[in-house]
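# Structural overview for review
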Amino acid sequence: MGKKEILEKFSADPDRYYKVKLFDEKGFERKSCATCHRYFWTVDEKRTNCPDHSDDTYSFIGNPPTKKRFDYTQAWKEVESFFVKNGHTSVNRYPVVCRWRDDLYFTIASIVDFQRVMGSKVVFEFPANPLVVPQTCLRFKDLENVGVTGKHFSSFCMIGQHSIPNDHGYWKDKCVDLDYRLVTEQFGIDKNEVVFVEDVWEGGGSFGSSLEFFVKGLELGNAVFTEFQGDLSSYKTLDQKIIDMGAGLERFAWITMGTPTAYDCCFGPITSNLIQQTGIDANSELLVRYFTEIAKNLERFGDLSEVRKTAIKSAGISEEQIKKIITPLEGIYMIVDHVRTLIFAISDGALPSNVGGGYNLRIMLRRIISTMDRLGLKFDMNEIIDTQIDYLKKTYPELEKTRNDVKTIIEIESGRYENSKERMQKIVSKLKQKPTVDDLIRLYESDGVTPDYLKEMKVISEIPSTFYTKLSELHQSKKVEKQEHLPLEGLPETELLYYENDPREFDAKVLKSFDKYVVLDRTSFYARGGGQEPDHGKIAGFDVVDVNKHGNIIVHELKGGIPKEGTTVSCVVDSKRRDGVTKHHTSTHILNSSSRSVLGSWVWQHSAFKEEDHARLDITHHSALTDEEVAKIEEVANAKVKENIPVTIQNFDRGTAEQKYGFRIYQGGIVPVKSVRIVSIGDFDIEACGGTHVKSTKDVNLIKITRTKRIQDGVVRLEFVAGKAAQEYIEKYEAELKKASSEQAAKEQRDKLREERKEKAREKIPTILEQILQAGEGRVDEIVVSGGRFYSTTDDQYDEYFHINFGERLVKDNPWAVYCGIFEEKGTVRAIIHAGEEVSKAKKAGDIAKAVSQILGGSGGGNPRFAQGGGPDKSKKDDAINKAKSMVLE
Ligand SMILES: [Zn+2]
Ligand SMILES: [Zn+2]
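What this report covers is the structure whose coordinates are included nearby.

Rules used throughout
- Residues numbered from 1 in each chain as written.
- Chains lettered and ligands numbered in written order.
- Predicted model: local features only at pLDDT ≥ 70, side-chain atom pairs only at ≥ 80, totals over all residues.
- Heavy atoms only, no water.
- Helix = DSSP H or I, 4+ residues; strand = E, 2+ residues; numbered from the N terminus.
- Rg over C-alpha atoms; globule rule 2.2 N^0.38 Å.
- Buried < 20%, exposed > 50% of the residue type's maximum accessible area, 1.4 Å probe, protein only.
- Donors = N, O, S within 2.8 Å, 3.2 Å for Na, K, Ca; no water.
- Tetrahedral: all angles 85-135°; square planar, octahedral: opposite > 155°, others 65-115°.
- Contact = heavy atoms within 4.5 Å.
- Core = buried A, V, L, I, M, F, W, Y, C linked by side-chain atoms within 4.5 Å.
- Axes fitted to C-alpha atoms, helices over the stretch in contact; angles between N-to-C directions.
- Parallel < 35°, antiparallel > 145°, perpendicular 65-115°, else oblique.
- Nonpolar A, V, L, I, M, F, W, Y, C, P; charged D, E, K, R; others polar.
- Pairing = 2+ DSSP bridges.
- Phe/Tyr/Trp six-rings, centres within 6.5 Å; stacked < 30°, edge-to-face > 60°.
- Expected span 1.5 Å × (residues − 1).
- Polar contact = N/O pair within 3.5 Å; in protein donor to acceptor, adjacent residues only side chain to side chain.

## Concerning the overall build of the chain
Secondary structure assignment for the chain yields 24 helices and 33 strands. Relative to its length of 890 residues, the chain is extended, with a C-alpha radius of gyration of 40 Å against a globular reference of 29 Å. Principal-axis analysis of the C-alpha atoms gives the chain an extent of 135 × 90 × 45 Å. Per-residue burial over the chain gives 54% buried out of 890 residues.

This is how it looks when you write it as structure tokens:
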């Protein structure tokens, strides 16, 4: 079923699908576009074409149709006050990181705020009805248009007007009436300018009619009436019909300001500040002409470079003006847009990386940097961030809290890019031909080389229009894991005793048993979930080795046999294991919040694993952790343990929990049920969690981080132990430390003694010399004299200093003497040979050293008077001495 068929069907019966009370009251006429035949509604008798094909398209540029001028901030105030005045609740924006949906990284439309996926169904949860919300939405598939077309953004504020028709909410008539009055009364636009175009919407198995409203060719909003479920051949009316009106706030501002582009009035003073810094003469007549042409042509041609060419021609712009004015302006617009998106994304906890949604953020920051490089723009990034937050916080005051975090992340990430440039340059220099789109994707995915960098390097002149679309398709939605299918049809949901009084021994009825699996009517065995490992224990005497949840049914896996169906069995949960797992689970919560408080607001739980005697917590963080950071996190965590904060568990309706605590509660991922179990550790840590927890933090006793490591870009793993396991770890660690330190002390003692002995030996040199010169044969202080001429020692009280000094003085006093000192140093044997002036004429020290060293398994040499050598073989010390002796005495 395509949109076309639905539109045909609906437009064939306009009274049923499109005609609203307002059209009758105000005399709107239904017409078919003279050019494209689309149906539209207007009060302007002369209008013959739809907004895309009218002559007045984009004529608001340079000539706005309102008396008042509203920039981005003021435009929201106008919209908000109008809807509030008309019975709507104004709801704060939801995070741009879509924590409540498994299939989206980022919030792409205001209606997403209120959608919750349960199984294959999407349900709606409205915190108020009707409501209006200024929802920041992120969309990455048109990145190459941003800055160029005057109206494309990577993030924009979708004014969401939502209603469920019931006692409070309304349906089509009132919706269109409100939108018409918003435009005509609140913004003061002439009723002749307002055109409603018939369209349809379909998605996620439902569909409905929609009315897009335009002023001077600019689509301001689209009121979607989600009404049916199924497809055209078979559908039914939804139990819960929804009004999903989305309007671009940027466009409301733009139409009242009439600036050349929407960028000029939606980022506050930063845009004109930057333009001033470049010294561009923003000749508005020229820009009005150019951007009006761009906007008009965009509706006609798909290809952006074609659009640009045509606009340049018809606006009469010279090459020089393109280079000096248009190109730098496009760069500035793109930079301010991308920075704003990064501010929202980082503030809401997303990090630039090479995985998942982080991809888009990294590529945007790299675009910013290469564009500045390419155009030679020297902007202060912190100033751009500050000015934008100063401006945005009038609508989004929460951004103030993360101002510094945004700066930190952008600085780190920019540094990384600068560091990778050299490598990128090498890769680029090896490119043999012009890369295709697939090459570009590969270059970015595997080497981090962005197309903007290639443009900067002049490898390509334009970024292909399909690049960002393809890239964002690759990284848009997350994968959902599938579970093994077991034959469990018809079984009732298992009663979960661990959420009640949690008995460790209980009786239960066997509802089903097959292969190695058993399903009971009730169980106290915790099933694997939320990173918490399952309970072990015994069922009917058989070992329970695994427990898993299949929907609402708990399946126990046994070893050694299974009990018969229909019997009542006695069950015992392994308490020691459960207590260990539980302590590690509560500790995970404590460490998660400790990490955030030490590192920064971008820290979220990425995943976790809790076993009996160890656990790990993976957090989102930009860099590997330093020892100081680890120590600090551990310190904060253990201070919380000592504080003995009660751990409380309360069930809330999901919507209430989100409103009360915010989306921080989804640390462990989404909760696909209506009722949310909130685990609070005072107000230090509040998470939606289905795991088992201690009563109070002191029960954890101690948390010890044993290891940390960066496991992927943007994710750091903390391995840790808690409770008894932490105690044991510390005891073991301390024992090892003690052992190591006693070994260290003994070694120090030995070294000290040796040093003292050597010191003494040196002092003995004169005495030994005196005595030994008298001796023709024998030994003095372990120095052996042979034949009155050969003096040697292998005694370890003597060191290098002794041998060199003693030998030198000995042969000086006795020119016929040869001294050979052998000693150990750093695990090898060394030899020092001195030969007196006379003896050295025939018996050269160098030759002796060479021979001695050979025996020791090494090499040596020197001059006739003095030589050194040695080798590794400690068992050959005596052989070496004997060799030297024979060389001297023979
Ligand atoms: Zn048309
Ligand atoms: Zn948990």
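Alright, that's what it looks like, and here's the rest.
## A closer look at the coordination of the zinc ion (ligand 1)
Where a metal carries four tetrahedral donors, each ideal angle is 109.5 degrees; where it carries six octahedral donors, the ideal angles are 90 or 180 degrees. Here the zinc ion (ligand 1) is held by Cys33 (SG), Cys36 (SG), Cys50 (SG) and His53 (ND1), and the distances to it run 2.1 to 2.4 Å. Note that the zinc ion (ligand 1) binds 4 donor atoms; their angles at the metal cover 97 to 117°, and the shape is tetrahedral. Binding-site remark: the zinc ion (ligand 1) is held by donors from one chain whose sequence spacing is C-x2-C-x13-C-x2-H. In this pair, Cys33 sits in the loop between β1 (29-32) and β2 (39-42) while Cys50 sits in the loop between β2 and α4 (72-85), placing the two residues 17 residues apart along the sequence.

## Overview of the coordination of the zinc ion (ligand 2)
The zinc ion (ligand 2) binds to the protein through His585 (NE2), His589 (NE2) and Cys689 (SG), with metal-donor distances spanning 2.1 to 2.3 Å. Counting along the primary sequence, the residues that act as donors to the zinc ion (ligand 2) give the motif H-x3-H-x99-C. Taken together, the residues His585 in helix α18 (residues 575-599) and Cys689 in the loop between β24 (685-688) and β25 (703-712) connect sequence positions 104 residues apart. Overall, the relative accessible area of 1% leaves His585 in the buried class. Of the residues examined, Cys689 reaches a relative accessible area of 12% and is grouped as buried.

## Considering the side chain of Glu658
Secondary-structure assignment places Glu658 in helix α20 (residues 654-661). We classify Glu658 as buried; its relative accessible area is 4%. Apart from the residues within four sequence positions on either side, Glu658 is in contact with Trp100, Arg116, Phe663, Ile665 and Tyr666.

## Observations concerning the nonpolar core
Ranked by size, the top nonpolar core spans 197 residues in total, and within it Phe23, Phe196, Phe252, Tyr290, Phe467 and Ile703 carry the most contacts. Tallying contributions element by element places helix α11 (residues 319-347) first for this core, with 15 residues. For Phe252, the contacting residues outside a window of four places in its chain are Ile159, Leu182, Val183, Phe187, Phe213, Leu220 and Ala247.

## Regarding the packing of α11 against helix α14 (residues 403-429)
In contact at an axis separation of 9 Å, α11 and α14 are set at 110° when each is read in the N-to-C sense. With respect to their mutual orientation, α11 and α14 come out roughly perpendicular. Contact with α11, carried on its side by Leu342, Ile343, Ile346 and Ser347, involves Asp405, Val406, Ile409 and Ile410 of α14 and no other residues of that element. Broken down by class, the residue content of the contact of α11 with α14 amounts to 6 nonpolar, 1 polar and 1 charged.

## Side note on the sheet that holds strand β10 (residues 218-231)
Pairing is mixed in the open sheet, where 9 strands are placed in the order β1-β2-β8-β9-β10-β11-β7-β6-β3. The sheet is open, and its two edges are formed by β1 and β3 (89-90), each paired on a single side. Across 4 bridges, β1 lies against β2 in antiparallel orientation. Bridge pairing in β2 links Lys31 to Phe40. Taken strand by strand, helix α1 (residues 3-11) contacts β1, β2, β8 (194-203), β9 (206-215), β10 and β11 (234-248), and its axis lies near 130° from that of β8.

## Notes on the packing of aromatic side chains
Counted under the stated rule, the structure contains 45 aromatic pairs. Here Tyr94 and Trp100 contribute two aromatic rings whose centre-to-centre distance is 5.7 Å and whose plane-to-plane angle is 75°, an arrangement assigned as edge-to-face. Arranged with centres 6.0 Å apart and planes meeting at 50°, the rings of Phe196 and Phe213 form a pair that is tilted. Placement of the pair is Phe196 in strand β8 and Phe213 in strand β9, with a sequence separation of 17 residues. According to the relative accessible area criterion, Phe196 is buried, its value standing at 1%. Its relative accessible area of 2% is what places Phe213 among the buried residues.

## Re α18
Every α-helical turn comprises 3.6 residues, leaving residues that sit three or four positions apart pointing alike. When the terminal C-alpha atoms of α18 are compared, their 35 Å separation across 25 residues agrees well with the 36 Å that a helix rising 1.5 Å per residue should span. By the criterion of burial, α18 is predominantly enclosed, with 19 of the 25 residues buried. For α18, the side-chain oxygen to backbone nitrogen distance between the N-cap and Lys576 is 3.2 Å, and the N-cap itself is Asp574. With its phi angle positive at about 155°, Gly600 sits one or two positions after the end of α18.

## Thoughts on unusual backbone geometry
Most peptide bonds take the trans configuration, and most residues that are not glycine carry a negative phi. The omega angle of the peptide bond from Asn129 to Pro130 is -10°, so this bond is cis rather than trans. Note on placement: Pro130 falls in the loop between β5 (121-124) and β6 (131-138). Even without being glycine, His37 reaches a positive phi, approximately 70°. With respect to the helices, strands and loops of the structure, His37 is situated in the loop between β1 and β2.

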